Amino acid sequence: MSHVDISSEPQAHQIRLAADRAAGAIPPAWPLASSVAVNPFLGQTDEPLSQVAARLARVAGASVTMPRSWYRDQIAKGTINEQDLSDALARAPLGLGPESLASLKSQLQTPARPLVATMTVADLAAKVSGIDWPGLINERFGAWAAGYLDEGQALWAAPRGRSAYAAWRLVAMHDLTPEIVGLSGFATHVAEAPEGAVQALERATARLGLPDAALETYFHQLLIGLGGWAQYARYLLWQAELKGGTDATVGDFLAIRMLWEEVLWDRYGDQILADWGAVVAVHAAPLKPAADQVVDALLQEAAERAAQRALADTLAAPSAGARESRPAIQAAFCIDVRSEVFRRALESLNPEIQTLGFAGFFGMSASHRRFASDVEEHRLPVLLNSGLSSVAGDRGMAGTDRSTRVKERAKRAWGRFKLAAVSSFAFVEATGPIYASKLVGDALGLKGARLATDPAPQLVPRPDLPTRIKTAATVLRAMSLTSNFARLVVLAGHGANVVNNPHASALHCGACGGYAGDVNSRLLAVLLNDGEVRSGLVGEGIEVPADTLFVAALHDTTTDTVTLFDEDHQSPSHGPDLAVAQDWFASAGLIARSERALRLPHATEETILRRSRDWAEIRPEWALAGCNAFIGAPRRFTSGKNLQGRAFLHDYDWRADSGFKVLELIMTAPVVVASWISLQYYGSTVAPALFGGGNKLLHNVVGGMGVLEGNGGAMRAGLPWQSVHDGEQFVHEPLRLSVCIAAPCEAMTEILGKHAGVRALFDNRWLHLFALDEAGRMAWRYGGDLNWTPMAASAESDTELRAAV
């Protein structure tokens, strides 16, 4: 079949540029062992919500806001008021929004038009043939990709050493399924296709007659249709780029998918010619938000204004004064919203308890090897490269290390024997009854997993003294902890203790790369207890008292229990302090569990402890559901104020921040990580079919990378439905994060001017930025384009400011 006539065929470099842009529009998905929250709109943050709505409607038929009924319910409950709607309307793109508030209210009562993705060649072929070609493509591609990308789950691993495109061709040339279904000549077509992915992509593009203007969104549509497979390929590219390299997998996937289009075009092109011309015209047209999409974006803005108004009321309550006496204990937690509940509970026990918030990797960007393992775990934010290497245990444990490795190898061999194609049948018959007690114990939740069992980690190689001093000073300044140290300072990382949960790592610390934060906190405790380091800190203007002991800990967010690693630094004189701390942590855990039980389905304070051991529990905890704010300020601004476990809390004192280096670090790292978390929850809520992980009850783990919903097809990335919904209603309100920082507007403006990517997040309102005043109140709103508006200003002045810009 000849291609559609066009005035000029796209040049090769235009095809490659469009392919690169389409790949950049796909969010990466980390493997299950170290999964972290990812902003599903990562490739669209340079566009506002309404524009992204138009883009995703075209390529996926997906909405990026809630149904209008949800906003009507918020208005009926009094959450969104008329002023919120009016303020949102004042922010409408000039010439695109409703003419008046009355018009906006009228459109609110009318459902938006249903969205349908633009059709692909496979869709058009299915329409005329009655054969589900898109479903077949997903099934065959998934069957191959599961083996090719496997991370160790498969007993019979696919051969390595070939590119994705070359490996697929080798399999597809012998795959008779498409021909059996009705696509005669498929294997021959694949065999005769160009040997290089780029050349295959160029040929298929020319054969389909795609003009330059249509390439980017059409390529985007094909990749997004591959679901988690394309996202995992994008992760491989992300990792390669982080190290200064590149990876061609996602481009190969696009070439494979285009080759399917080419084959179907050759088979059905005569029958779909007219419809295909209309499809090409849609993709070639400039992206422009429809009226419905502008209205929905305004309603979303109104919902976020309502939440900001409630947050402003909470923060406006009187704040505590600055602490002058020495704290009874200082406990530093991750900024994770789950820590807010525990910190508030802990502080309620004694006014002399001081808690702090800091990124959960505690500034220790370590690539870590667990005890008796050669696997490197990157326990740091995925935005960074590791700067340190660590290993559990020391040279004195070499004998134990060897024996443990032998046991683990035997265990893996036994596991493979149990699952092998032939031996598995005999194994069940012969040894099934032996496993009865284990089966009963697991079913009753009599034994749970343990989060931290490894020996104390050590830095290998150990940095020299000047480096250790500089690292310690940098971390303490970033924590705003440079004076008035308590006798006992607890550094609490966090993790989640769950069983039978493929998404367990998503419950761990995002700042630690999807691992628990115990290693990082233990490494920092070693550093800060080092006598030579403390002596060197004096020259940095930081004097740590001789009687101060830093102790690492692990906060289990599922059970709200805290484990102290006090044996890492034995100090008999601190025995009483540690005993009191243990009692305080236990009491705070009881209070925190009681509060969390009010949100968890069918939970009480007592049953929360058992949920972590229940292999049938689909909601062991709510993780970060509900998150809607990030606050960078002294703790006294938020102490005693119930933020309902919805705010990331990062300690920050701008007056002690010389040159605003810490502020810049906060705005470019923790804030960005928090935005990824917030927007993953947002995407999984408003577009669960596109950005959600599906139903946990149907999940099957594939290749150690992700999950399938059922036994084949596209891999699902994102949060499972049960992570955002309790079976009756949403537990996560999809709101873009409000970032509140106690710092001068001028300093934040300068930082935004230096970091275009961060500025785009705020200018396009994927994040909202506020400056807190000296009383901790939300005083200034960032209006975009490096301008600020006083919170007391009217919507009209906001409009005037925008028009002036």
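Predicted model, so just to flag it, every value in this text is computed and none were measured. (Residues numbered from 1 in each chain as written. Predicted model: local features only at pLDDT ≥ 70, side-chain atom pairs only at ≥ 80, totals over all residues. Heavy atoms only, no water.)

(A) Representation of the pattern of salt bridges in the model. Taken as a whole and assessed by the stated rule, the structure comprises 47 salt bridges. Asp-454 is the salt-bridge partner of Arg-370, the closest N and O atoms lying 3.2 Å from each other. Taken together, the residues Arg-370 in the loop between strand S3 (366-369) and strand S4 (376-379) and Asp-454 in the loop between helix H19 (436-443) and strand S6 (457-459) connect sequence positions 84 residues apart. Classification of Arg-370 by relative accessible area gives partly exposed; the value is 32%. For Glu-532, the salt bridge goes to Arg-468, with nearest N and O atoms at 3.4 Å. Residue Glu-532 is located in helix H22 (residues 531-538), and its partner Arg-468 is located in helix H20 (residues 465-478); the two are separated by 64 residues in the primary sequence. On the basis of relative accessibility, which here comes to 7%, the residue Arg-468 falls in the buried class. (Salt bridge = Lys/Arg side-chain N within 4 Å of Asp/Glu carboxyl O. Helix = DSSP H or I, 4+ residues; strand = E, 2+ residues; numbered from the N terminus. Buried < 20%, exposed > 50% of the residue type's maximum accessible area, 1.4 Å probe, protein only.)

(B) Representation of the sheet that holds strand S13 (residues 706-709). An order of S12-S13-S14 is seen for the 3 strands of this open sheet, with the pairing classed as antiparallel. The open sheet terminates on both sides in strands that have one partner only, identified here as strand S12 (699-702) and strand S14 (715-716). Of the pairings in the sheet, the one linking S13 to S14 comprises 2 bridges and is antiparallel in character. Bridge pairing in S14 places Leu-708 opposite Met-715. (Pairing = 2+ DSSP bridges.)

(C) Summary view of the sheet that holds strand S2 (residues 353-358). The strand order across the open sheet built from 5 strands is S2-S1-S7-S8-S9, with neighbouring strands paired in mixed fashion. Single-partner strands in this sheet number two, and they are S2 and strand S9 (561-564). Taken over all neighbouring pairs, the strand axes of this sheet differ in orientation by 25 degrees on average, direction set aside. In this structure, strand S7 (residues 488-495) lies alongside strand S8 (residues 549-556), joined through 8 bridges in parallel fashion. Note that in S8 the partner of His-494 across the bridge is His-555. Here helix H21 (residues 518-529) sits on the sheet and contacts S7 and S8; the angle it forms with S8, its principal contact strand, is near 175 degrees. (Axes fitted to C-alpha atoms, helices over the stretch in contact; angles between N-to-C directions. Contact = heavy atoms within 4.5 Å.)

(D) View of helix H2 (residues 49-60). Along its 12 residues, H2 runs 15 Å from first to last C-alpha, staying within 8% of the 16 Å computed at 1.5 Å per residue. Check the buried side of H2 and you find it contacts helix H12 (212-224), helix H14 (249-284), helix H15 (291-316), helix H26 (670-686) and helix H27 (688-691). Of the residues one or two after H2, Gly-61 is the one with positive phi, at around 65 degrees. (Expected span 1.5 Å × (residues − 1).)

(E) Summary view of helix H8 (residues 164-172). Listed in full, the buried residues belonging to H8 are Ala-164, Tyr-165, Ala-167, Trp-168, Arg-169 and Ala-172. For H8, the elements touching its buried residues are helix H7 (133-148), helix H10 (186-192), helix H11 (197-208) and H14.

(F) Fine view of the pairing of S9. Only one face of S9 is covered, namely the face carrying Val-562 and Leu-564; the face carrying Thr-561 and Thr-563 is uncovered. One ladder, built from 4 bridges, connects S8 with S9; its direction is antiparallel. Paired with Asp-556 across the two strands is Thr-561, which belongs to S9. Here S8 hands over to S9 after 4 residues, with Asp-560 in that stretch at a positive phi of 55 degrees.

(G) Layout of the packing of helix H6 (residues 121-129) against H14. It is at 7 Å that the axes of H6 and H14 come closest, and there the two elements cross at 70 degrees. On the basis of their axis angle, the class for H6 and H14 is roughly perpendicular. Pair H6 / H14 crosses with left-handed handedness. Taken together, the residues of H14 that come into contact with H6 (itself represented by Val-121, Ala-122, Leu-124, Ala-125, Lys-127, Val-128 and Ser-129) are Arg-257, Glu-261, Leu-264, Trp-265, Tyr-268, Gln-271, Ile-272, Asp-275, Trp-276 and Val-279. (Parallel < 35°, antiparallel > 145°, perpendicular 65-115°, else oblique. Left-handed = near helix turned anticlockwise from the far one by under 90°.)

Remember that the coordinates give geometry; whether it matters functionally is a separate question.
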